[in-house]
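Here are the chains, one letter per residue:
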Amino acid sequence: MFVLNKSLQLLTSKYFIYGLLIGLQAFFLLLVIVVLYEVAEYLYIVLFLLSAIILLWLFQMKMNSSYKMAWAILIVLFPLLGGLWFLLWYNIKLSRKQKRTLVHINEVSRGLNTQEEGVIAALAAENRDLAAEATYLLNEGKAPVFAGCKAEYLALGEAKWQRMQEELKKAEKFIFMEYFIIKDGQMWGEISKILVAKAQEGVEVRLMYDAFGTFDGLSDEHLDYLEDNGISIVIFNPLRPILDGFINSRDHRKICVIDGLVAFNGGVNLADEYINRKERFGHWKDSAVMLRGNAVRSFTLMFLQMWEFATHEKENYSRYLVEAEVFAEEKGFVQPFGDEPTDNNYVGQHCYLNLINRAKKYVYITTPYLVLDAETELALCLSASSGVDVRIVMPGIPDKKSVFLVSRSYYRRLLSAGVKIYEYGPGFIHSKMLVSDDISAVVGTANLDFRSLYLHYECCTAFYLSPVCGEVKQDILEVIALSDPVDCEKITNEKFGKKILQAVLRVFAPFL
C-alpha cells in the first residue's frame, strides 16, 4: 500500500506532469521530422544546412567560449536536430512585452541610485586596485559603492534566521522578500507568521519567489492564506510546459529588505535544511550578511526592478528609496551588485576574475558547485602558479551527484597548478564566498558554475577594507579545519571508466 501511494503521488505530482508535457513536445517534434523525412527527400539536406549555418553563426555570437563549444559539439553530433534544438533552447529570449518593460525599467530607474561623490576617490586613496574593481562594478553593473554602512556577517543559516525574525518584527512601512527556494517548514512557518502579523498592522508586504526553485515548496492553500491576509505574491517566470529557452533563466537571488533600512543577502534560502532543522546532506553550511545604511538602497532597487519586470506594472521607485542612517564610525566600503542573463554582460564572473587576478597573497573560495569555463580555470591556475595561496572548499556530501562528478573533473589540473581543494567533511557547503588578501570579499548568491554566472539572476555584496573580510576569512579557515584535503594522486588514479564519464559530462557541463 505504501509503494502504491508513493507511485500515485509521483504520477500526480507537478514534476511528473510538467516533465511529461515537455517530453511529449520533444517526442512529437522528433516524430514530425521522421514523418517529413519519409515524404521529403530534401529534408535531410535542409536540416543539415540549417545546422551548418547555425554552427557558423554560433562562433560569431557574443557568448562564453565553453558554452559555444558545448553547443558546437552537440550540433556536430546531431546535425539533424542540433540546429533546431539550438534555436529553441540556446538563448534567454524575451517577449516584446518583456523587452518594453525592461526598457521602461532602465529609463525610470536610471539615476535613482547614483554614486555618492568622493567615495571611489576615498577608496582609491587606500587601494587603487580595489577602486578599479569598484569602478568596474559601477560602470558595468550599475552598482554604486558606499561608505558609512554597517555590515553584520552571519556565518550560518541559523544566525540569519534569528536576525531576520528580529528585524522583521521591527518593520513599520514595508517588507520586500525575493527568494529562489521557499518551503513549508519551521523556518518559513515562523517567518510567515511575522509577515501576516505585519500585513495586518498595515505594513506593505511583498513576496516574490522563483517558480522552479519553489516548484512544490508552498501549497496553494498556504499561498491563498497569505494573499487573504494582505501579502502581495509574485511568481517569477512561471513554468510553462513548452520548449522555450527562457525556462533556463531563473531568479536565484535571496533578498530581504525592511523599511529600506535593513537588507539581507547571501546563500540562505527559506527552507529547513538551511537552518539544519532538516538533514538532507549532512550538516548544511551556509552564510549571509545583514546591511544597514545607504547600501540597502541597491537591494531595494533590485527588488523593485525585478517586481516590475515580473508583473509589467509600473513601479513608484522613489517611494521606497529612503535615505538611511550614515554610520560614520564604520570602516570599509560596501558594494551590492546584481547580475542578469539578458544583457550578456557577465558581471558576477568578471567580479570573481578581477579579484582572483588581483590577489597577491591568497584567495579563498567556497562554492557548492565548481563548473568552470576556460577563463576562470586559467585564472585560478595562473594565480596558484604565481605563488598565491588559492584554496577552494567544496561539499563533502554533494546534493547533485552528476554536477559533483563534473566538478571533480577540474580537480586534477587545479591541483597540479598548486590550487588546494578541500571537501567539507560534515556535509554540504552552500556558501558562495570569496575573500582575498584580507582586503576584499564577496558574499552572495552566485555559485562558481555556468548557471549562476551565465543563466540566472543573481546578487552579491562586495566588501573592501571592511571587517567583514576578516570574518569571512576566519569562517573559511574554520571550515577548512573540518574539511578533507583532496589528494592529487588519488584523483589521478581514479578508475578509467569514471574518467571517461567525467570527460563526457564535462563537454556538456554548460547545460547542467
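All values reported here derive from a predicted model rather than from experimental measurement.

Here's the deal with the environment of Trp 161
Here Trp 161 is to be found in helix 9 (residues 157-168). A C-alpha to C-alpha distance of 8.5 Å links Trp 161 and Leu 270, two positions 109 residues apart in sequence. Excluding its chain neighbours within four sequence positions, the residues that come into contact with Trp 161 are Gln 186, Met 187, Glu 190, Ile 191, Ile 275 and Arg 277.

Structural notes on the sheet that holds strand 16 (residues 440-444)
Taking strand neighbours across the sheet as the criterion, the nine strands line up as 1-10-17-16-15-11-12-13-18 in an open arrangement whose pairing is mixed. Because the sheet does not close on itself, it has two edges, and the strands there are strand 1 (146-147) and strand 18 (483-485). Note: strand 11 (residues 362-366) against strand 15 (residues 433-436), four bridges, orientation antiparallel. Its bridge partner lying in strand 15, Val 363 is registered against Ser 436. Across the sheet, helix 8 (residues 128-141) touches strand 10 (333-339), strand 16 and strand 17 (458-464), and the angle it forms with strand 17 is around 155 degrees. Together, strand 10, strand 11, strand 15, strand 16 and strand 17 form the strand contacts of helix 13 (residues 347-358), whose direction differs from that of strand 10 by roughly 140 degrees.

Some details on unusual backbone geometry
Backbone geometry at Lys 142 places phi at a positive 50 degrees, although glycine is not the residue there. In this fold, Lys 142 is placed in the loop between helix 8 and strand 1. Owing to a relative accessible area of 63%, Lys 142 belongs among the exposed residues under this scheme. Positive phi, close to 65 degrees, is recorded for His 312, a residue that is not glycine. Mapping His 312 onto the fold places it in the loop between helix 12 (296-311) and strand 10.

Considering the pattern of salt bridges
All chains considered together, the criterion is met by 22 salt bridges. A salt bridge links Lys 193 to Glu 190; the shortest N-O distance between them is 3.8 Å. In this pair, Lys 193 and Glu 190 are both assigned in helix 10 (residues 186-201), three residues apart and thus about one turn of the helix distant. Of the residues examined, Glu 190 reaches a relative accessible area of 30% and is grouped as partly exposed.

Comments concerning the packing of aromatic side chains
Scanning all chains against the criterion turns up 15 aromatic pairs. On the numbers, 5.3 Å between centres and 75 degrees between planes, the contact of Phe 236 with Tyr 457 is edge-to-face. Taken together, the residues span a long stretch of sequence, with Phe 236 in strand 5 (residues 231-236) and Tyr 457 in the loop between helix 17 (450-455) and strand 17 at a distance of 221 residues. Comparing Phe 236 with Tyr 457, the two get one shared label, buried. Every member of this aromatic cluster is reached through a ring pair, and the members are Phe 174, Phe 176, Phe 303, Trp 307 and Tyr 320. The side chain of Arg 206 reaches across the aromatic face of Trp 307, ending 5.1 Å from its centre.

Cut-offs and rules
Residues numbered from 1 in each chain as written. Predicted model: local features only at pLDDT ≥ 70, side-chain atom pairs only at ≥ 80, totals over all residues. Heavy atoms only, no water. Helix = DSSP H or I, 4+ residues; strand = E, 2+ residues; numbered from the N terminus. Contact = heavy atoms within 4.5 Å. Pairing = 2+ DSSP bridges. Axes fitted to C-alpha atoms, helices over the stretch in contact; angles between N-to-C directions. Buried < 20%, exposed > 50% of the residue type's maximum accessible area, 1.4 Å probe, protein only. Salt bridge = Lys/Arg side-chain N within 4 Å of Asp/Glu carboxyl O. Phe/Tyr/Trp six-rings, centres within 6.5 Å; stacked < 30°, edge-to-face > 60°. Lys NZ or Arg CZ within 6 Å of the ring centre and 35° of its normal.

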